[in-house]
Amino acid sequence: MAARLNLFGDPTTTAAKAAKHFGAASQTILQESTLPPETQKLVVLRASQINGDGYATDVWSKNAAHAGESATRINLVAAWRESTVFTDAERAALQVAEEGTRIADAGGGVTDRAWADAAEHYDEDQLSDLVMLIALINATNRMAVIVDQRGGDYEPGRAG
């Protein structure tokens, strides 16, 4: 099934130009941040799962595997609280990602406790990058869900 719309179809459109900037911002975080790459992939995968974005879930699970992440950890991201395979730092980042993704559901957004837990493991620059990464993946997920972009055909290594 084809997506309803290809936001990148005509590079001269306003949407395609904006999406290009959006992608560049995401790549800046993914490539230049000192936030561990494994943590980045776990965070974007979990947000994509929560948002029901099949395309991004496909992309980030395959990219994580392509980067050497174990199948066990990839498969357990959705149940990270009930799993023993994540570090305390990763768990703190996943908590912030979940609360930041579920803003409408949680009412208060990211709790002080979740933030404090993350601040125990990451410096201010890494926390800033985490916030940007969560915001960018949530916006990206929403675009893909709105246009009904489906997952399954992604070739590893094309994004992130």
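Heads up: the structure comes first, above all this text.
Conventions we followed
- Sequence order sets the numbering: in each chain, residues are counted from 1 along the sequence as written.
- Only residues with pLDDT of at least 70 are given local features in this predicted model, and only at 80 or more are side-chain atom pairs given and counted; all residues enter the totals for whole chains, interfaces and linings.
- Side-chain metrics in this entry use all non-hydrogen atoms of the structure; hydrogen atoms and water are not considered.
- Inter-axis angles, ranging from 0 to 180 degrees, are taken between N-to-C directions of lines fitted to C-alpha atoms, where helices are fitted over the stretch in contact.
- Per the convention used, a helix needs a DSSP run of H or I reaching at least four residues, while a strand needs a run of E reaching at least two, with both numbered from the N terminus.
- Crossing handedness is defined as follows: a turn of the near helix away from the far one that is anticlockwise and smaller than a right angle gives a left-handed crossing, while the clockwise case is right-handed.
- Here, two residues are considered to be in contact whenever any of their heavy atoms come within 4.5 Å of each other.
- Under the scheme applied here, ten amino acids are nonpolar (Ala, Val, Leu, Ile, Met, Phe, Trp, Tyr, Cys and Pro), four are charged (Asp, Glu, Lys and Arg), and all others, including Gly, are polar.
- The working definition used for a salt bridge is a side-chain nitrogen of Lys or Arg within 4 Å of a carboxyl oxygen of Asp or Glu.
- Think of it in three bands: residues with accessible area under 20% of the maximum for their type are buried, residues over 50% are exposed, and the middle band is partly exposed, with areas taken using a 1.4 Å probe on protein chains only.
- Stacked, edge-to-face and tilted are the three classes for Phe, Tyr and Trp ring pairs, Trp counted by its six-membered ring, which pair at centre distances within 6.5 Å; planes under 30 degrees apart are stacked, over 60 edge-to-face, the rest tilted.
- Cavities and pockets were defined on a 1 Å grid built from protein atoms only: a cavity is a group of points that admits a 1.4 Å probe but offers it no way out, a pocket is an open group of points flanked by protein on both sides within 12 Å along at least five of seven lines, and a lining residue is one with an atom within 4 Å of any such point.
- Grid points are joined across faces, edges and corners, and a volume is the space filled by probe spheres set on the points.

Novice: Before we move on, can you summarise the packing of helix H1 (residues 14–32) against helix H8 (residues 124–146) with the specific residues and values?
Specialist: Packing of H1 against H8 brings their axes to within 10 Å, and their N-to-C directions diverge by 145 degrees. Crossing handedness for the pair H1 and H8: left-handed. The residues of H8 that touch H1, namely those facing Phe 22, Ala 25, Ser 26, Ile 29 and Leu 30, are Asp 129, Met 132, Leu 133, Leu 136, Ala 139, Thr 140 and Met 143. In the contact of H1 with H8, the residues fall into 9 nonpolar, 2 polar and 1 charged.

Novice: Which residues make up the pattern of salt bridges, and what values do they have?
Specialist: For the coordinates displayed, the defined rule picks out 7 salt bridges. Its salt-bridge partner being Glu 90, residue Arg 73 comes within 2.7 Å of it at the nearest N-O pair. Here Arg 73, found in helix H4 (residues 71–76), pairs with Glu 90, found in helix H5 (residues 88–101); they are 17 residues apart in sequence, far enough to count as distant. What makes Glu 90 buried here is its relative accessible area of 8%. The partner of Asp 105 in a salt bridge is Arg 102, and the shortest N-O contact between them spans 3.9 Å.

Novice: How would you sum up the packing of aromatic side chains? Please name residues and give values.
Specialist: Within a pair of aromatic rings, the relevant descriptors are the distance that separates the centres and the angle that separates the planes. Evaluation of the coordinates by the stated rule reveals 1 aromatic pair. When the centroid spacing of 6.5 Å and the interplanar angle of 85 degrees are considered together, the rings of Tyr 55 and Tyr 154 count as edge-to-face. Of this pair, Tyr 55 sits in helix H3 (residues 54–66) while Tyr 154 is found in the segment after H8, placing the two residues 99 residues apart along the sequence.

Novice: Describe the side chain of Gln 126, naming the residues involved and giving the relevant values.
Specialist: Residue placement: Gln 126 occurs in helix H8. Owing to a relative accessible area of 12%, Gln 126 belongs among the buried residues under this scheme. Residues contacting Gln 126, with those up to four places away along its chain left out, are Thr 34, Leu 35, Pro 36 and His 121.

Novice: Let's hear about the layout of surface pockets: which residues, and what values?
Specialist: Here the second largest pocket defines a volume of roughly 170 Å³. For the lining of the second largest pocket, a count of residues per class yields 5 nonpolar, 3 polar and 4 charged.

Novice: Kindly report on the environment of Thr 72, identifying the contributing residues and their values.
Specialist: The residue Thr 72 is located in helix H4 in this model. Residue classification places Thr 72 among the partly exposed residues on the basis of a relative accessible area of 45%. For the pair Thr 72 and Arg 91, spaced 19 residues apart in sequence, the C-alpha separation works out to 15 Å.

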